[in-house]
Amino acid sequence: VLQYVHYPCVSDLFLILACPVPRNQREADQGWYSPSPSTREQYFRALSSMNILLVVAEHIWALEAPQAHKAAAADLLQCMVQKYSGLAGCADLLSALVRSPELLQGLIAVSCGEES
């Protein structure tokens, strides 16, 4: 799916799948995306074990892709970090941002204009 992140709605779909939380009050009132705390914790642990943030971030710097693709991946990573930072049980997911040297080096390289 991530190879098509720059196409319309693909990043939105990925975000919904990777971070299943209600998008508005109506969805919350209807009980959408309301798994038990243990199920939600298992889901986020599984995403963490897949290094999902690193996988998304690699699309920012490691591809010979158009600039639109890299920009869409960067926007997706930003949205994921913002959503995960507001949720309980996402500490392991977010800790990948600081414990992964590849992610940090890649983001630093992109910000300095040294893309591979």
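Our structure's up above, just so we're on the same page.
Nothing here was measured: the structure is a model prediction, and the numbers come from that model.

S.K.: Sorry, what's going on with helix H3 (residues 37-49) here?
M.R.: An α-helical segment advances 3.6 residues per turn. Residues three or four places apart therefore align on the same side. Between its first and last C-alpha atoms H3 spans 18 Å; for 13 residues at 1.5 Å apiece the expected length is 18 Å, and the two agree. Those residues of H3 that fall on the buried side of the exposure criterion are Arg-40, Phe-44, Leu-47 and Ser-48. All buried residues of H3 lie within an arc of 100 degrees about the axis, which places them on one face of the element. Next to the buried residues of H3 lie helix H1 (10-18), helix H4 (52-61), helix H5 (67-85) and helix H6 (91-99). Looking one or two residues beyond H3, the residue adopting positive phi is Asn-51, at roughly 50 degrees.

S.K.: How should I be thinking about the pattern of salt bridges in this particular structure?
M.R.: Pairs can form between side chains of opposite charge whenever their charged atoms are close. Scanning the entire structure with this criterion turns up one salt bridge. The shortest N-O distance in the salt bridge between Glu-41 and Arg-45 comes to 2.9 Å. In this pair, Glu-41 and Arg-45 both sit in helix H3, four residues apart, roughly one turn of the helix.

S.K.: Would you take a moment to explain the nonpolar core for this structure?
M.R.: Across soluble globular proteins, nonpolar side chains show a tendency to be buried alongside one another. Counting 25 residues, the largest nonpolar core has Phe-14, Leu-76, Met-80 and Tyr-84 as the members making the most contacts within it. Of all the secondary-structure elements, those providing two or more residues to this core are H1, H3, H4 and H5. No other element matches the seven residues that H4 contributes to this core. Non-local contacts of Leu-76, meaning those with residues more than four positions away in its chain, are made with Leu-2, Val-5, Ser-11, Phe-14, Leu-15 and Val-56.

S.K.: It is not clear to me how the packing of aromatic side chains should be interpreted in this structure. Could you clarify?
M.R.: By convention here, two paired aromatic rings are described through the distance between centres and the angle between planes. Counting across every chain of the model gives three aromatic pairs. Ring centres 5.9 Å apart and planes at 45 degrees place the aromatic pair Tyr-4 and Tyr-7 in the tilted group. Under the relative-accessibility criterion, Tyr-7 is labelled partly exposed at 45%.

Definitions and cut-offs
- Counting of residues starts from 1 at the beginning of each chain's written sequence and follows it residue by residue.
- At least 70 in pLDDT is required for a residue's local features to be given in this predicted model, at least 80 for side-chain atom pairs to be given and counted, and no such filter applies to totals for whole chains, interfaces and linings, which use all residues.
- Side-chain measures here rest on the full set of heavy atoms in the structure, leaving out hydrogens and waters.
- The way it works is that DSSP assigns letters per residue, a run of H or I at least four long becomes a helix, a run of E at least two long becomes a strand, and they are numbered from the N terminus.
- For a helix, the expected span equals 1.5 Å multiplied by the number of residues minus one.
- Note on exposure labels: buried denotes an accessible area under 20% of the residue type's maximum, exposed denotes more than 50%, and partly exposed covers the range between, all computed with a 1.4 Å probe on protein chains only.
- The directions considered for the arc are those from the helix axis to the C-beta atoms.
- It only takes one pair of heavy atoms within 4.5 Å for two residues to be counted as in contact.
- The term salt bridge refers to a pairing of a side-chain nitrogen on Lys or Arg with a carboxyl oxygen on Asp or Glu at a separation within 4 Å.
- The criterion is simple. A nonpolar core is a set of buried Ala, Val, Leu, Ile, Met, Phe, Trp, Tyr and Cys residues joined through side-chain atoms within 4.5 Å.
- Two rings from Phe, Tyr or Trp (for Trp, the six-membered ring) form a pair when their centres are within 6.5 Å of each other. A pair whose planes differ by under 30 degrees is stacked, one over 60 is edge-to-face, and the rest are tilted.

That's the geometry; what it means functionally is another story.
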